[in-house]
Amino acid sequence: MIFHYNYQINIKRLVNIINYKKINILDFGCGKGLWPEKVTTTDKINKIILYDNEPNLIPLLKQKYKSKKFEINFSLDKILKKKNYNVIIFSSVIQYISHTNFNKLLKKLTNNNQTLIVISDIPFLPKFIEFILLPFFNIKRFFFVVKLIFSKKYKNMKYYVYDKKYFNPLKKKYKIKFVSNLHDLNKLRYAIILKPKNY
């Protein structure tokens, strides 16, 4: 189908980036889920906590992810109380968080100096310009976005771009590494790894 787009993260690259022996991930803003089935056979990944602020996604996620590796928890208060993760992933979600709110969120979610942060699919171009260029780089994703455009919810969502310079103030706390996108849109978006300085 022309509008079907299987949106997934590159597990192999992700695991190679993170050198913890056991990885416990908080997937913040998980949406409909971007984890392929093979993640259940990846020994290094111990647990993935799926969080989003859309409760209507819970039945879909429960149907999709039945492995014990997945914990579906849409209560941020409970997640913050446990804080049983050592990696936080923001995957194609940062564009819907304002710069001010993102800074506050980082402080809230980082439970100690050992929390590594992976932010992927970061847009640096205005939405309209990216849309014009999209068919030249990923035609499937282009048609997927075309479908979204007609969604009232999508139209009303605020959209923020993140120039690489935005992350400079975080150098006080983190070692910053820019990498190619962990998704299938390398030229128009990028990813960043924030490693605590004592990591």
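To keep things clear, this report deals only with the structure shown in the data block. (Residues numbered from 1 in each chain as written. Predicted model: local features only at pLDDT ≥ 70, side-chain atom pairs only at ≥ 80, totals over all residues. Heavy atoms only, no water.)

### Regarding the side chain of Ser91
Heads up, the condition is: A run of H or I in DSSP counts as a helix once it spans at least four residues, and a run of E counts as a strand once it spans at least two, with each numbered from the N terminus. The buried label goes to any residue with under 20% of its type's maximum accessible area, the exposed label to any with over 50%, and the partly exposed label to all in between, with areas taken from a 1.4 Å probe on protein chains only. Pairs of N or O atoms within 3.5 Å make up the polar contacts considered here, provided that, within protein, one atom can donate a hydrogen while the other can accept it, and that residues adjacent in sequence are counted only when both atoms are side-chain atoms.
Structurally, the position occupied by Ser91 is in strand S4 (residues 87–91). The buried category is assigned to Ser91, whose relative accessible area is 4%. Side-chain polar atoms of Ser91 contact the side chain of His183, separated by 2.8 Å.

### Structural notes on the packing of aromatic side chains
We apply this condition: Aromatic contacts are taken between Phe, Tyr and Trp rings whose centres are within 6.5 Å, Trp giving its six-membered ring; a plane angle under 30 degrees counts as stacked, one over 60 as edge-to-face, and the others as tilted. We call a charge positioned above a ring when the Lys NZ or Arg CZ atom is no farther than 6 Å from the ring centre and deviates by at most 35 degrees from the ring normal.
By the definition in use, this model includes 15 aromatic pairs. By way of ring pairs, the aromatic residues Phe28, Tyr51, Phe74, Phe90, Phe102, Phe124, Tyr162, Tyr166, Phe167, Phe178 and Tyr190 are connected into one cluster. In this structure, Lys164 is placed above the aromatic ring of Tyr190, and the distance from its NZ or CZ to the ring centre is 5.2 Å.

### Focus on the nonpolar core
In plain terms, the rule: To form a nonpolar core, buried Ala, Val, Leu, Ile, Met, Phe, Trp, Tyr and Cys residues must be joined to one another through side-chain atoms within 4.5 Å. For this analysis, residues touch if any pair of their heavy atoms sits within 4.5 Å.
With 29 residues, the main nonpolar core has Ile18, Ile25, Trp35, Val87 and Val118 as its most contacted residues. Where this core is concerned, the elements lending two or more residues are helix H1 (11–17), strand S1 (23–28), strand S2 (45–51), S4, strand S5 (116–123) and strand S7 (189–196). With sequence-adjacent residues up to four places away left out, Ile25 is seen in contact with Leu14, Trp35, Ile45, Lys47, Ile48, Ile49, Tyr85, Val87 and Ile89. Judged by nonpolar contacts, the second largest core, of 28 residues, contains Ile49, Leu80, Leu109 and Leu194.

### Overview of helix H6 (residues 139–149)
Using the following cut-off: The arc under discussion is defined with respect to the helix axis, by the directions toward the C-beta atoms.
Among the residues of H6, Arg141, Phe142, Val145 and Val146 are the ones counted as buried. Viewed end-on, H6 has its buried residues packed into an arc of 150°, placing them on one side of the element. Exposed residues on H6 whose side chains face more than 90 degrees from its buried face are Lys140 and Lys147. For H6, the capping residue at the N-terminal end is Asn138, with a side-chain oxygen 3.3 Å from the backbone nitrogen of Lys140.

### Regarding the pairing of S7
The condition is simple: Following DSSP output, two strands are said to pair if at least two bridges run between them.
Among the 8 residues in S7, 7 count as buried, and that is most of the element. Here S5 runs beside S7; their pairing, made up of 5 bridges, is antiparallel. Within S7, the residue paired with Ile117 across the bridge is Leu194. Strand direction decides the pairing type here: strand S6 (residues 174–180) and S7, joined by 7 bridges, are antiparallel. For Lys177, the partnering residue across the bridge sits in S7 and is Ile193.

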